[in-house]
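Single-letter residue listing:
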Amino acid sequence: MSNEKRVGDSVRMNNFFPAVFLRVAASLLLAAAGGGWVLRGAAQMAAKNGAANPQLFVDVTRAAGIDFHLTCGGPEKLSILETQCGGAAAFDYDNDGWMDILLVDGSTLEDYRAGKCHPPRLYHNNHDGTFTDESAKSGLNFCGWGYGVAIGDFDNDGWEDVYITGFHGSALYHNNHDGTFTDVTAKAGVANADSWGTSAAFGDYDNDGNLDLYVANYVDLDINHLPKFGDGPFCQYRGIPVNCGPRGLKGGRDRLYHNNGDGTFTDVTEKLGIDTESYYGLGVMWLDYDKDGCLDLYVANDSSPSLLYHNNCKGGFTEVGAEAGVAYSADGHEQAGMGIDSADYDRDGWPDIVKTNFSDDSDNLYHNDHNGEFTDEAGAAGIGGVSSPYLGFGAKFLDYDNDGWPDIFIANGHVDPQVEGQSFGVGYAERPFLFHNLSADKLLAADRSKMGKFEEVGGRSGGALSKKYVGRAALTADFWNRGRQDLLMTNLEGSPVLLRNEVPAVGHWFRVKTVGTKSNRDGFGAKVEITVDGSTRYAEVRAGSSFESSSDPRVHFGLGAAMRVDAIVVRWPSGQVDKMGPEAADEGIVVREGSGIVQRDIEKRSPIRKKR
Ligand SMILES: [Ca+2]
Ligand SMILES: [Ca+2]
Ligand SMILES: [Ca+2]
Ligand SMILES: [Ca+2]
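All values derive from a computational prediction rather than experimental measurement. (Residues numbered from 1 in each chain as written. Chains lettered and ligands numbered in written order. Predicted model: local features only at pLDDT ≥ 70, side-chain atom pairs only at ≥ 80, totals over all residues.)

Q: I'd like a rundown of the overall build of the chain, residues and numbers included.
A: Assigned secondary structure in the chain consists of eleven helices and 44 strands. Classification of the 612 residues of the chain by burial places 57% in the buried group. (Helix = DSSP H or I, 4+ residues; strand = E, 2+ residues; numbered from the N terminus. Buried ≥ 20, exposed ≤ 12 C-beta atoms within 10 Å, placed from the backbone.)

What follows is the structure, given as structure tokens:
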């Protein structure tokens with residue numbers, strides 16, 4: 001399904017609520033008639049009539065009640081500290097079935113030195129398209145210079161806990177089950193005290209049922225002796241003075257904390273040989289790339305090789321990034337890796353990887369070759385050339401049109417405001433990318449050799465996707481429980497952007513939430529396989545990926561025209577395998593380890609409630 005075929009809905013959502021309610025009402029009627037897919041035909045007809053391109057995503061930030069302005073140093077970004085802020089998470093902190101939002105704030109050199117706090121903001125999802133700022137009573141009183149966030153239920157009590165990374169001080173907050181959190185950093189032993197944490201992610205690497213924690217550390221800096229702006233070879237970009245680093249500065253060694261299961265963690269960094277070279281860590285993701293049942297770890301490093309830690313299933317890791325083909329670019333040079341994500345974009349049953357890089361360098365699309373190695377297909381897939389001038393940060397696979405083929409969203413934005421107005425062909429603020437996976441079209445054309453091609457459709461979709469931002473975190477979530485994947489991107493210069501999926505013609509969908517019993521409660525690391533129309537789709541359960549981000553952990557599958565999922569298999573980290581199905585399309589199920597389906601979220605499919 002090419003974008004041209006989906007053209008036709010020229011509705012502009014200037015007035016969010018009436019338009020949204022009309023849209024939801026219309027989709028309810030169509031869903032009731034079993035004909036959500038009918039919309040596709042209508043859109044195609046409209047396309048023939050020459051209607052304008054649709055806005056695929058609509059900026060609803062203000063209408064939704066998100067009123068937050070990120071603080072991250074001054075406008076000139078005189079220090080590298082001022083260039084990497086903007087962590088964000090989508091998670092359901094109160095277990096009401098709706099994804100809430102957490103936004104991490106940064107600081108300024110003056111405020112940080114003076115001890116002035118910039119606590120994070122917690123927005124509760126009101127189920128009606130709006131959010132309420134619950135920060136004040138949340139107890140998320142982080143005071144420092146915040147960067148990223150990781151979400152996971154580290155104590156397996158059924159409530160999501162929060163880890164916030166910061167400059168020389170990160171913090172773990174335990175969820176008290178009543179909308180409040182308690183700082184348990186000291187007891188847990190995960191302060192990461194003298195390091196500058198960026199991205200972090202929870203994953204159970206030793207399959208003991210307790211989530212362990214990886215924290216990427218970027219640069220070791222003394223805030224009282226910061227390198228001087230523009231002073232020296234590592235403080236120049238194409239001959240103009242900019243903030244210094246990361247080259248020329250000392251790298252921060254990442255940390256891996258093993259969860260002891262009693263509220264404490266043990267730092268196993270040295271014992272397990274993690275980040276021995278202290279590279280400039282930015283992106284973190286747990287995945288099982290060789291499907292041996294033990295979670296591997298991929299870390300994107302700035303200005304140094306990216307690292308892939310293969311889990312030997314005996315409690316240790318071997319770093320295999322170079323051998324596996326994910327340490328360098330396709331032509332073998334070091335890159336400035338920023339954000340990473342994984343999904344099976346070509347549906348061959350193995351998890352692939354996307355990674356963003358600096359300007360004048362392509363993003364990577366590492367195809368999993370099933371033998372422990374990857375091939376960078378970015379160029380062939382149509383991603384390399386488009387992405388080359390841009391500086392990418394957050395990256396997320398999503399199936400925004402529910403056609404069953406994972407698409408890719410990338411947040412772009414430079415680190416040096418000084419590039420603006422120069423003749424380098426790069427800007428400070430840049431538009432994000434939405435890469436549409438064209439495999440459905442290729443399949444229809446019976447030309448399977450062209451599978452795995454992407455087309456950038458954000459630029460011409462108009463509206464929010466064609467605007468420029470200094471993008472950092474990027475996450476996906478079904479914020480309105482409609483069976484659509486929405487987006488949230490943070491912006492170093494200003495407000496985050498909540499992007500509501502308004503794709504005019506979407507396919508059917510299916511969503512799986514995992515609840516571990518023997519395995520970790522979140523089910524992170526579980527593999528979900530569904531069989532639809534004779535083909536099997538593969539996904540892994542995770543929340544942490546992209547850049548400084550945590551996404552909706554519920555596994556979302558687009559189904560295209562299929563009205564039924566024939567089989568569902570969940571392979572848990574414990575080794576338990578639960579087999580279910582068939583199930584009807586357009587529902588979310590909750591699968592409990594060992595029990596199968598324990599809940600069907602059909603009633604939440606199309607919520608219409610009066611705005612309060
Ligand atoms: Ca909630
Ligand atoms: Ca918990
Ligand atoms: Ca563990
Ligand atoms: Ca798609």
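Q: Talk me through the environment of A381; I want residue IDs and the actual numbers.
A: Summarising the element assignment, A381 is placed in helix α8 (residues 378-381). A tally of 22 C-beta atoms within 10 Å means that A381 is categorised as buried. Sequence separation between A381 and M451 is 70 residues; the distance between their C-alpha atoms is 8.6 Å. Once residues lying within four places of it in the same chain are set aside, the contact partners of A381 are L365, G452, K453 and F454. (Contact = placed C-beta atoms within 7 Å.)

Q: If you had to explain the sheet that holds strand β43 (residues 587-592) to someone new, which residues and values would you point to?
A: In any sheet, the strands associate via hydrogen bonds between backbone groups, in a parallel or an antiparallel arrangement. Strand order in this open sheet of four strands is β38-β33-β43-β44, and the pairing throughout is mixed. In this open sheet, the two edge strands, each paired with only one partner strand, are β38 (555-560) and β44 (596-600). Strand-to-strand twist of the sheet, defined as the mean angle between neighbouring strand axes without regard to direction, takes the value 30°. (Pairing = 2+ DSSP bridges. Axes fitted to C-alpha atoms, helices over the stretch in contact; angles between N-to-C directions.)

Q: Hey, could you go over the sheet that holds strand β29 (residues 454-456) for me, with residue numbers and the actual values?
A: Ordered by their spatial adjacency, four strands build an open sheet running β26-β27-β28-β29, and the pairing between neighbours is antiparallel. Since the sheet does not close on itself, it has two edges, and those belong to β26 (392-398) and β29, each with one partner. Neighbour to neighbour, the strand axes of the sheet diverge by 20° on average, direction disregarded. The pairing of strand β27 (residues 407-412) with strand β28 (residues 433-437) spans three bridges and is classified as antiparallel. Looking across to β28, one finds that I410 is bridged to F433.

Q: Tell me about the nonpolar core, and name the residues and values.
A: Within the largest apolar cluster, 160 residues are counted, with the highest numbers of intra-cluster contacts made by V149, L213 and L488. Ranked by residue count, the leading element in this core is strand β18 (residues 280-287), at six residues. In this structure, V149 is in contact with G87, A88, A89, L102, V104, V162, Y163, I164, E548 and S550, ignoring residues within four places of it in sequence. (Core = buried A, V, L, I, M, F, W, Y, C linked by C-beta atoms within 7 Å.)

Q: For the pairing of strand β11 (residues 212-217), give the residues involved together with the corresponding values.
A: In terms of burial, β11 is a largely internal element, six of the six residues being buried. Residues of β11 alternate between two faces, with D212, Y214 and A216 on one and L213, V215 and N217 on the opposite face, all of them buried. For strand β10 (residues 197-203) and β11, the ladder comprises five bridges, and the chain directions are antiparallel. Across the sheet, the residue bridging to A200 is V215, located in β11.

Q: Describe the confidence of the model for the chain, and please don't skip the residues or the numbers.
A: Averaged over every residue, the pLDDT of the chain is 90; residues scoring 70 or more account for 88%. Segment residues 1-51: pLDDT under 50, and 70 contacts once partners within four positions in sequence are set aside and those in other chains are kept. With pLDDT under 50 throughout, residues 603-612 is counted as low confidence; its partners more than four residues away or in other chains account for 23 contacts. (pLDDT = per-residue confidence, 0-100.)

Q: Before we move on, could you go through the pairing of β18 and cite the residues and values that matter?
A: Of all eight residues in β18, eight are buried; the element is thus mostly enclosed. By the bridge criterion, seven bridges tie β18 to strand β19 (residues 296-302) in an arrangement that is antiparallel. Note on β19: the bridge partner recorded for M285 is Y298.

Q: Now, about unusual backbone geometry: what can you tell me, with residues and values included?
A: The residue after G245, namely P246, is reached through a cis peptide bond having omega 0°. Assignment of secondary structure puts P246 in the loop between β14 (240-241) and β15 (250-251). Look at the link from G581 to P582: it is a cis peptide, with omega at 5°. Among the secondary structure elements, P582 is positioned in the loop between β41 (577-580) and β42 (583-584). Positioned with a positive phi, H177 is a non-glycine residue whose angle comes to about 75°.

Q: Tell me about the environment of T71, and name the residues and values.
A: Mapped onto the secondary structure, T71 falls in the loop between β1 (57-59) and β2 (88-91). Distance from T71 to H118, taken between C-alpha atoms, is 7.9 Å for residues 47 residues apart in sequence.

Q: Hey, could you go over the environment of A89 for me, with residue numbers and the actual values?
A: Following the sequence through the fold, A89 ends up in strand β2. Along the backbone, A89 and D552 are 463 residues apart, and their C-alpha atoms lie at a distance of 8.1 Å. When neighbours within four sequence positions are excluded, A89 is seen to be in contact with L102, V149, I151, L475, S549 and S550.

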